[in-house]
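# Fold and geometry: a report
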Amino acid sequence: MKFYTTALLPARRALFVGALAIAGISLLQGCFPIMVAGVGATALAAADRRTTGTYVEDESLEWKVSNLIRQHFGSLNRVVVTSYNRNVLLVGQVQDENVRAEAQRLASTVSNVRAVVNELTIGPAISLSSRSNDTVITGNVKTRFLNNKVFSTNHVKVVTEAGVVFLLGIVTRTEGDQAAEIARTSKGVKKVVRVFEYIGEDEAQAIDTRNNENSDSPPEAP
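### Concerning the confidence of the model for the protein chain
Averaged over every residue, the pLDDT of the protein chain is 83; residues scoring 70 or more account for 75%. Across residues 1–42 the pLDDT falls below 50, and counting only partners more than four positions away or on other chains, this stretch makes 67 contacts in the model.

Right, here's the structure in full:
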């Protein structure tokens, strides 16, 4: 196993369940939209180093890019799209090099996409059992992140495809190295690909402090 660094500049949360629970109460009080927005924004701001707006936009970009590629190529090609801080990662299997290149071009045409990391491979789609194994690997890596307690697990998103682990996030060099080493030594991992956006220690501390302060502040009353 080895590290593989992608050339690039510079996880989904159970917090949504909590927002739904509060939303249910708020609905009875007649202030459902305001409460959901307030609680959701606070939760997302505390979850990782992206702004709330960027987090929401990443969700939208994943849908837009996936839909665009699907419209062009149908179901003959398997393309999985992940967006983090508006950097789009493409993994999966496609028919040939032309499809691989065109998928990247299509992704790059979507408004607000900063960069595209194309890790598509040529060949038949992986089996359902392989996908299930990837899910297990992702869960194992996340659990090891949590147990090691050397950095906040909210700062690194894990995507696994055919045993290859892709790490996304806004991290310091130290955090990136720690995350990559933990992933590399996790069971079943064939390779680790870093798709990080690196920031300095001071900037990371400033962002984390701001997010912690925001999470401690109660939402405005409806």
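Still to come is the rest of the account.
### Overview of the pairing of strand β2 (residues 78–84)
Of all 7 residues in β2, 6 are buried, a share of seventy percent or more. The pairing of β2 with strand β3 (residues 87–94) spans 7 bridges and is antiparallel. What sits directly across from Val81, in β3, is Leu90. Connecting β2 to the antiparallel partner β3 that follows it, the hairpin turn spans 2 residues, and Asn85 within it adopts a positive phi of roughly 55 degrees.

### Points about the pattern of salt bridges
Scanning the model with the defined rule gives 11 salt bridges in all. For the salt bridge of Glu181 with Arg184, the shortest nitrogen-to-oxygen distance reads 2.8 Å. One end of the pair is Glu181 and the other is Arg184, both in helix α6 (residues 173–184) and 3 residues apart, which spans about a single turn. We classify Glu181 as partly exposed; its relative accessible area is 34%. With a relative accessible area of 24%, Arg184 lands in the partly exposed category. Each of the salt bridges in this network shares a partner with another, and the network as a whole consists of Asp48, Arg50 and Asp58.

Thresholds, definitions, all that
- Residues numbered from 1 in each chain as written.
- Predicted model: local features only at pLDDT ≥ 70, side-chain atom pairs only at ≥ 80, totals over all residues.
- Heavy atoms only, no water.
- pLDDT = per-residue confidence, 0-100.
- Contact = heavy atoms within 4.5 Å.
- Buried < 20%, exposed > 50% of the residue type's maximum accessible area, 1.4 Å probe, protein only.
- Helix = DSSP H or I, 4+ residues; strand = E, 2+ residues; numbered from the N terminus.
- Pairing = 2+ DSSP bridges.
- Salt bridge = Lys/Arg side-chain N within 4 Å of Asp/Glu carboxyl O.

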